[in-house]
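Examining the three-dimensional arrangement
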Amino acid sequence: MGIHIKSEKEILLMRDSGKVLSDILSEIEKKIVVGITTFEIEMELRKLLKKNKVKSPFLGYRGYPAVSCISVNEVVVHGIPSDYIIKDGDIVSVDMGVNYRGFITDAARTFLVGNVSKEGIKLVDVTKRSFYEGAKMAVEGNHLYDISFMIQKTVEKEGFSIVRDFVSHGVGRRLHEEPFFQNFGEKGKGPILKYGMCLAVEPMVNQGTYRIKILKDGWTAVTEDGKLSAHYENTVLVGKDTFEILTEKN
Ligand code: MF3
Ligand code: CO
């Protein structure tokens, strides 16, 4: 119970886990092109997991049927890989986790395919920036909701909206562990951050309304107004004087 603080040994394993995930996501970027189906992307990711000798924490999680979530355009998160064929101008979020020797990291990128609209490019850029502005707060002594506040501020300043129905979360021995926290809120509130906490910071940002709906498959979250949505996520280690992104090359 409570927020798990990773030991030095555990931090080393989280770093190794994050490195594998970061490499897999860089590798898959090359495959996200016009004409490929999201299921084919899933199959490539399965191969990469195997090659790296890591397991998927998504597959079978509450019955989830895949190792990745692939969310295109108006799909916010939890898109199930399918026979959908990627087309020119799509924005494609790939979300996945790895379990390396019992240590889980979780990350997502939104990739641009071909000629994306100006608004689409801006949305993806702001989403990524909101992640960084939030992650920068992941330093010992700050409050947890300082992260939430910075994400919301960055997003809303640009006229976009932050999704309210999904949260960011702790990660490590489990895919989802304490603390769970919204991607919007007030600074100076929430638990005090401590060195050794690992957080999956994951803003989901909509072009229009923040409202979403869940499709009949019970997973796919789409924007209520059919406008675009982007997602960016990394596993972040709370540091003593600075944050450390575990799932991205620095
Ligand atoms: N990054 C997502 C999350 O933390 C992925 C979960 S997908 C699931 O919610 F399949 F594992 F549910
Ligand atoms: Co997550």
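Analysis parameters
- Residues numbered from 1 in each chain as written.
- Chains lettered and ligands numbered in written order.
- Predicted model: local features only at pLDDT ≥ 70, side-chain atom pairs only at ≥ 80, totals over all residues.
- Heavy atoms only, no water.
- UniProt positions renumbered as here; feature names shortened; annotations may be inferred.
- Donors = N, O, S within 2.8 Å, 3.2 Å for Na, K, Ca; no water.
- Tetrahedral: all angles 85-135°; square planar, octahedral: opposite > 155°, others 65-115°.
- Helix = DSSP H or I, 4+ residues; strand = E, 2+ residues; numbered from the N terminus.
- Axes fitted to C-alpha atoms, helices over the stretch in contact; angles between N-to-C directions.
- Parallel < 35°, antiparallel > 145°, perpendicular 65-115°, else oblique.
- Left-handed = near helix turned anticlockwise from the far one by under 90°.
- Contact = heavy atoms within 4.5 Å.
- Nonpolar A, V, L, I, M, F, W, Y, C, P; charged D, E, K, R; others polar.
- 1 Å grid on protein atoms, 1.4 Å probe; cavity = no way out; pocket = protein on both sides within 12 Å on 5 of 7 lines; lining within 4 Å.
- Buried < 20%, exposed > 50% of the residue type's maximum accessible area, 1.4 Å probe, protein only.

The protein chain is annotated in an unreviewed UniProt entry as Methionine aminopeptidase of candidate division TA06 bacterium 34_109. Turning to the protein chain, the UniProt record has this under Function (unreviewed entry): "Removes the N-terminal methionine from nascent proteins. The N-terminal methionine is often cleaved when the second residue in the primary sequence is small and uncharged (Met-Ala-, Cys, Gly, Pro, Ser, Thr, or Val). Requires deformylation of the N(alpha)-formylated initiator methionine before it can be hydrolyzed."

Moving on to the coordination of the cobalt ion (ligand 2). For the cobalt ion (ligand 2), the full set of protein donor atoms is Asp106 (OD), His169 (NE2), Glu202 (OE) and Glu233 (OE), and the range of their distances to it is 2.0 to 2.3 Å. Taken together, the six donor atoms surrounding the cobalt ion (ligand 2) define angles of 68 to 168 degrees at the centre, an arrangement classified as irregular. Within one chain, the residues donating to the cobalt ion (ligand 2) are spaced in sequence as D-x62-H-x32-E-x30-E. On the criterion of sequence distance, the pair formed by Asp106 in strand S4 (residues 103–112) and Glu233 in the loop between strand S12 (229–231) and strand S13 (234–237) is long-range, its members being 127 residues apart.

Interhelical geometry of helix H1 (residues 8–29) versus helix H2 (residues 38–51) gives an angle of 140 degrees and a closest axis separation of 10 Å. The angle between H1 and H2 places the two elements in the oblique class. When you trace H1 past H2, the crossing you get is right-handed. Contacts from Ile24, Glu27 and Ile28 of H1 reach H2 at Ile41, Glu44, Leu45, Leu48 and Leu49. Taken together, the residues of the contact of H1 with H2 sort by class into six nonpolar, no polar and two charged.

A separate point is the UniProt feature "binding site: a divalent metal cation 1" (unreviewed entry) in the protein chain. According to UniProt, the feature "binding site: a divalent metal cation 1" (unreviewed entry) maps to Asp95, Asp106 and Glu233 in the numbering used here. Look at the named residues: they lie 139 residues apart in sequence, but the longest C-alpha span between them is just 7.9 Å, so in the fold they bunch up. Lining the largest pocket, out of the annotated residues just given, are Asp95 and Asp106. With respect to the helices, strands and loops of the structure, Asp95 is situated in strand S3 (residues 91–100). Discounting residues that sit within four places of it in the chain, Asp95 has contacts with Phe58, Val67, Ser68, Cys69, Asp106, Ala107, Ala108, Glu202, His231 and Glu233. You can call Glu233 buried: its relative accessible area is 0%. Among residues more than four places away in sequence, those in contact with Glu233 are Asp95, Asp106, Ala107, Ala108, Arg109, His169, Ala200, Val201 and Glu202.

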